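Understanding the architecture of this molecule
Residue-level listing of the chains:
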Amino acid sequence: MRIACRPATIPVECQMSKSYCAKLWNHQYIHMSGSIRFCCATKENITNKRGHRMNMNNDSLEKAWNSEQIKSARLRMMRGESVQACIKCVEQEDRGFQSMRETQDMEMNFSMTNFDGSVNHYPVTMELHLGNLCNLKCKMCGQQYSNQIGKELLDIGKTEPGFLEWIRKESGNVNIWTNNLSVQYRWFQNRKIKEKLFDYIYKHIKEIVVIGGEPTVIPEFWELFDYLEQRDSLKDLSITLTTNLTNINPKMTDWLPRLKRWTVWASIDGLGDRTEYIRYPSNFEKCCDNLNFYKNLLKTGNGKIVLSPAIQLLNIDQLDDIIRWWLDFTGGDLEKQFGISWRAQVWYPTICNYDILPRDYKSKIADKLEASFDQFKRHGQIKKWYQNQIDNLRGNTYTEEQKRHFIQAFVKYNDAQDRHRKGKTWRQLIPELEQALTKSLE
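Let me begin by describing the structure that accompanies this report. Since the structure is predicted, the reported quantities are computational estimates derived from the model, not experimental observations.

As for the overall build of the protein
Assigned secondary structure in the protein consists of 19 helices and eight strands. The C-alpha radius of gyration computed for the protein amounts to 22 Å, which stays within 12% of the reference 22 Å derived for 442 residues, consistent with globular compactness. In terms of principal-axis extent, the alpha carbons of the protein reach across some 70 × 50 × 50 Å. Scored against the burial criterion, the 442 residues of the protein give a buried share of 55%. By sequence separation, contacts in the protein at least 24 residues apart represent 75% of the contacts at least 6 residues apart. Only carbon and sulfur atoms are counted for the fraction: they give 48% of the accessible area of the protein, which is about 20000 Å². Of the charged side chains in the protein, 63 are positive and 54 negative; the average position of the first set lies 4 Å away from that of the second.

Description of the environment of Arg 37
The residue Arg 37 is located in strand β2 (residues 36-37) in this model. On the basis of relative accessibility, which here comes to 12%, the residue Arg 37 falls in the buried class. A C-alpha to C-alpha distance of 28 Å links Arg 37 and Lys 235, two positions 198 residues apart in sequence. One polar contact links the side chain of Arg 37 to the main-chain carbonyl oxygen of Thr 42, over a distance of 3.2 Å.

Section: the pattern of salt bridges
Overall, the coordinates contain 29 salt bridges when judged by the stated rule. The salt bridge partner of Arg 394 is Glu 370, with a shortest N-O separation of 2.8 Å. Note that Arg 394 is positioned in the loop between α16 (380-393) and α17 (400-421) and Glu 370 in helix α14 (residues 359-370), a separation of 24 residues in sequence. For Glu 370, a relative accessible area of 38% corresponds to the partly exposed category. Residues participating in the shared-partner salt-bridge network are Asp 320, Asp 321, Arg 324 and Lys 368.

Brief notes about the side chain of Ser 372
Along the chain, Ser 372 turns up in the loop between α14 and α15 (373-376). Its relative accessible area of 5% is what places Ser 372 among the buried residues. The contacts of Ser 372, once residues within four sequence positions are left out, are Asp 320, Arg 324 and Tyr 386.

Considering the packing of helix α6 (residues 147-159) against α17
Where α6 meets α17, the closest approach of the two axes is 10 Å, and the angle between their N-to-C directions is 90 degrees. Relative to α17, the element α6 lies roughly perpendicular. On α17, the residues that touch Glu 152, Leu 153, Asp 155 and Ile 156 of α6 are Tyr 413, Ala 416, Gln 417, His 420 and Arg 421. By residue class, the composition of the contact of α6 with α17 is four nonpolar, two polar and three charged.

Details of the pairing of strand β7 (residues 303-307)
Here β7 lies mainly inside the structure; five of its five residues are buried. Residues Gly 303, Ile 305 and Leu 307 line one face of β7 and the alternating positions Lys 304 and Val 306 line the opposite face, and both faces are buried. Here strand β6 (residues 261-266) runs beside β7; their pairing, made up of five bridges, is parallel. Counterpart to Ala 266 in the pairing with β7 is Leu 307. As defined by bridge partners, β7 adjoins strand β8 (residues 338-340) across three bridges and the pair is classed as parallel. Directly across from Ile 305, in β8, lies its bridge partner Phe 338. For the crossover that starts at β7, traverses helix α13 (residues 319-330) and ends in the parallel β8, the hand is right-handed.

Focus: helix α9 (residues 219-230)
Compared with an ideal rise of 1.5 Å per residue, which puts 12 residues at 16 Å, α9 spans 17 Å between its outermost C-alpha atoms and is within 8% of the ideal. Contacts from the buried residues of α9 go to α8 (191-204), β4 (207-211), β5 (238-243) and α10 (252-258). Trailing α9 by a residue or two, Asp 232 shows a phi angle of about 55 degrees, which is positive.

A short note on the packing of aromatic side chains
Inspection of the entire model under this criterion finds 25 aromatic pairs. On the basis of an interplanar angle of 85 degrees and a centroid distance of 5.2 Å, the ring pair of Phe 221 and Phe 225 is categorised as edge-to-face. Of this pair, Phe 221 and Phe 225 both sit in helix α9, four residues apart, which is roughly one turn of that helix. Across the pair, Phe 225 and Phe 221 agree in class, each one buried. Judged by centre distance (6.4 Å) and plane angle (45 degrees), the rings of Trp 262 and Tyr 294 are tilted. Placement of Trp 262 in strand β6 and of Tyr 294 in helix α12 (residues 284-297) is noted, with a sequence separation of 32 residues between them.

Considerations on unusual backbone geometry
Outside of glycine, negative phi angles account for most residues, and trans bonds account for most peptide bonds. For the bond from Gly 212 to Gly 213, the omega torsion is 15 degrees, close enough to zero to count as cis. Of note, Gly 213 is situated in the loop between β4 and α9. Phi at Leu 245 takes a positive value of approximately 70 degrees, unusual for a residue other than glycine. Structurally, Leu 245 can be placed in the loop between β5 and α10. We classify Leu 245 as buried; its relative accessible area is 0%. The phi dihedral of Lys 422 is positive, around 60 degrees, even though this residue is not glycine. Its location among the elements puts Lys 422 in the loop between α17 and α18 (426-429).

A closer look at the packing of helix α7 (residues 163-170) against α17
For any two helices packed against each other, the geometry comes down to the angle between their axes and how far apart the axes lie. Packing of α7 against α17 leaves a shortest axis separation of 12 Å and a crossing angle of 145 degrees. Note on packing geometry: the crossing formed by α7 with α17 is left-handed. Counting all contacts with α7, which are made through Phe 163, Trp 166, Ile 167 and Glu 170, the residues of α17 involved are His 405, Ala 409, Lys 412, Tyr 413 and Ala 416. For the contact of α7 with α17, a count of residues per class yields six nonpolar, one polar and two charged.

Reading the values: the criteria
- Sequence order as written defines residue numbering, which begins from 1 separately in each chain.
- Confidence filtering applies because this is a predicted model: local features only for residues at pLDDT of at least 70, side-chain atom pairs given and counted only at 80 or more, and all residues used for totals across whole chains, interfaces and linings.
- For the side-chain quantities, the full set of heavy atoms in the structure was used; hydrogens and water were omitted.
- Secondary structure counts use DSSP, requiring at least four H or I residues in a row for a helix and at least two E residues in a row for a strand, with both numbered from the N terminus.
- Radius of gyration: C-alpha atoms only; globule rule: 2.2 Å multiplied by the number of residues to the exponent 0.38.
- Think of it in three bands: residues with accessible area under 20% of the maximum for their type are buried, residues over 50% are exposed, and the middle band is partly exposed, with areas taken using a 1.4 Å probe on protein chains only.
- We call two residues in contact when some of their heavy atoms are within 4.5 Å.
- The Shrake-Rupley method, run with a 1.4 Å probe sphere, supplies the accessible areas, and residue values consider only the shown protein chains as cover.
- Counting rule applied: Lys, Arg positive; Asp, Glu negative; His and chain ends not counted.
- A single reference atom marks each charge: NZ on Lys, CZ on Arg, CG on Asp, CD on Glu.
- Within 3.5 Å is the distance limit for a polar contact, defined as a pair of N or O atoms, with the added protein rule that one can donate a hydrogen and the other accept it, and that residues adjacent in sequence qualify only through two side-chain atoms.
- Between Lys or Arg on one side and Asp or Glu on the other, a salt bridge is scored when a side-chain nitrogen of the former is within 4 Å of a carboxyl oxygen of the latter.
- Axis angles are defined between N-to-C directions and span 0 to 180 degrees, where every axis is a line fitted to C-alpha atoms and, for a helix, only to the segment in contact.
- We call two directions roughly parallel when the angle between them is under 35 degrees, roughly antiparallel when it is over 145, roughly perpendicular when it lies between 65 and 115, and oblique otherwise.
- In this count, Pro and Cys sit with the nonpolar residues alongside Ala, Val, Leu, Ile, Met, Phe, Trp and Tyr, while Asp, Glu, Lys and Arg are called charged and the others, Gly among them, polar.
- Any two strands between which DSSP finds at least two bridges are classified as paired.
- Handedness of a crossover: with both strands directed away from the viewer, a clockwise path from the first strand across the helix to the second marks it as right-handed.
- Given the number of residues in a helix, its expected span is that number minus one, multiplied by 1.5 Å.
- Centres within 6.5 Å make a pair out of two Phe, Tyr or Trp rings, where for Trp the six-membered ring is used; the pair is then stacked when the planes are under 30 degrees apart, edge-to-face when over 60, and tilted otherwise.
- In a left-handed crossing the near helix is turned counterclockwise from the far helix by less than a right angle, and in a right-handed crossing that turn is clockwise.

None of the figures reported here should be taken as evidence of function without further support.
In structure tokens:
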């Protein structure tokens, strides 16, 4: 990369920039659709000089890396100014939740930035979404992340008059609407695009997070391993795999030990039939078997397993039980080979956000969680963030009128989905929730 620009001068007031995030200096994010973004926390696509979004089908990662939009954002961060695309992390931090923002290497990154906001190096980390092919229909998910969800909604619409029009009207309140419920992204299946992507990863990327869809059901994910193995570069790469644990590949026993580092983020949102309901139609026992598959590979010494529950309305009451289960599985070791993440806080769709719950019900859950606090306080990865959940439950984000609207939407959406699936319902699984919501709507 050859950019003949002088380094930017770093104003003294920027030494403590509160808007800074290292991702704009070290990271690239490829959305399921092939669009290129700052990171996973923003909904804004990077655009070119004409205002068109940059996409893997038409644009190179090299051009996107020093696009006008990214250069401008870097300079704003250096001046300590807010960046609109980063508002989600700001809001999460203001509420005491863990965000995706990275704060390391600020002075070094500022010193390497040219006066126009460009940098002369390539990113070394990447988050890669290989489309939206998935095998589950998770409650908090949308068709951009799982092609199964849109298909199911279209089927429900055939038997529930007005259902699809209602979802379209409610948009992000009940579903992450894309205007194309049958969308399936296939950009990475183009041979030339795939080869360029794999080559870019081989030459520049040292740490990669792979997400789908569900990566383990996407053939190109395994092709990436093969590509890197043939070039003897697995030893230089750290991979984080975010998976619903429904599938494994036996070749992982060969690939994972050869990586520099590997991390599995285990997406389990409850115990037994609770996670099977949220992550329909998963099988909890099978997920535990696959979790043990990865646990057995930890003996290689270069791996880690992180529990990453999507904390939401349908499982907040079970959070203490989930943590106890995880501590039992790990033997209480949350330092070297095991961990827990609090980043998957569900804000949208709004009907999955526990902030909409009736105040009395939230207080009851907060009391339940607080009763278990002493069991967890010695664990640094749990203490602060667990307390934040308790504090948030005791707060009040929405007005009573807003809550009533969202609760009505929750009931309507999930009742329709449950009728279609013909399995256990949210009313059967969490009778206390049904009672609380019914009372609030009287």
